[in-house]
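Per-entry structural report
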Amino acid sequence: LQSAVLRLLERCQIPFATHLMGKGVIGEDHPCYLGHYIGRLSETSVRQRVEDSDCLVVVGACLSDVNTGFFTSVEYSIEVHQGTMRVGKAWFTDVSEADALTRLTDLITPRHFDASRSFSRTSIAS
């Protein structure tokens, strides 16, 4: 699964943040890494980029008030979990995480990630 997430990040140049439980999944030295997202306890730049994103791609993380610092979601998000996937308000079952990530990688238009930008257009959390 880690390789599928890396392909998505690197091909599409999506900035990403991690929850504390996903801290070791992708290295903090990755060029698209923003930092740890823990709601109000996050660094301001990380919090701003996650909460102001127009679409979050969430891989394996449970978006609960506890692990997001009482931030639950943006209107447009894609969640990829073991055996299920949510796009907006629609849930899909019997979907493997690797297949979902591969399809997303194919669908998202690649772009250049500029680490100096204040806001991201799409962010991924794991």
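Residues numbered from 1 in each chain as written. Predicted model: local features only at pLDDT ≥ 70, side-chain atom pairs only at ≥ 80, totals over all residues. Heavy atoms only, no water.

Digging into the nonpolar core
Ranked by size, the top nonpolar core spans 19 residues in total, and within it Leu8, Ile78, Val80, Leu101 and Leu104 carry the most contacts. Counting eight residues, the second largest nonpolar core, distinct from the first, contains Leu34, Tyr37, Val46 and Val58. (Core = buried A, V, L, I, M, F, W, Y, C linked by side-chain atoms within 4.5 Å. Buried < 20%, exposed > 50% of the residue type's maximum accessible area, 1.4 Å probe, protein only.)

So, helix α1 (residues 2-12)
Of the residues making up α1, those classed as buried are Ala4, Val5, Leu8, Leu9 and Cys12. Burial along α1 is one-sided: seen end-on, the buried residues are contained in an arc of 135°. Immediately beyond the C-terminal end of α1, within one or two residues, lies Gln13, with a positive phi of roughly 55°. (Helix = DSSP H or I, 4+ residues; strand = E, 2+ residues; numbered from the N terminus. Arc of directions from axis to C-beta.)

A look at the side chain of Glu79
Following the sequence through the fold, Glu79 ends up in strand β4 (residues 77-81). For Glu79, the side chain forms a polar contact with the side chain of His81, separated by 2.8 Å. Within the local environment of Glu79, its side chain forms a polar contact with the side chain of Arg86, the two groups lying 2.7 Å apart. (Polar contact = N/O pair within 3.5 Å; in protein donor to acceptor, adjacent residues only side chain to side chain.)

Structural notes on the packing of α1 against helix α3 (residues 97-107)
Interaxial distance between α1 and α3 falls to 9 Å at its minimum, and their mutual angle equals 10°. Viewed along their axes, α1 and α3 adopt a mutual orientation that is roughly parallel. Residues Ala4, Val5, Arg7, Leu8, Arg11 and Cys12 of α1 lie in contact with α3, whose contacting residues are Ala98, Leu101, Thr102, Leu104, Thr105 and Asp106. Partitioned by chemical class, the residues of the contact of α1 with α3 number seven nonpolar, two polar and three charged. (Axes fitted to C-alpha atoms, helices over the stretch in contact; angles between N-to-C directions. Parallel < 35°, antiparallel > 145°, perpendicular 65-115°, else oblique. Contact = heavy atoms within 4.5 Å. Nonpolar A, V, L, I, M, F, W, Y, C, P; charged D, E, K, R; others polar.)

Comments concerning the confidence of the model for the protein
Mean pLDDT over the protein works out to 79, with 75% of the residues at or above the 70 mark. Per-element mean pLDDT across the protein ranges from 52 in strand β7 (residues 123-125) up to 92 in strand β6 (residues 90-95). For the stretch residues 118-123, pLDDT sits under 50, and the model shows 26 contacts to residues farther than four places along the chain or on other chains. (pLDDT = per-residue confidence, 0-100.)

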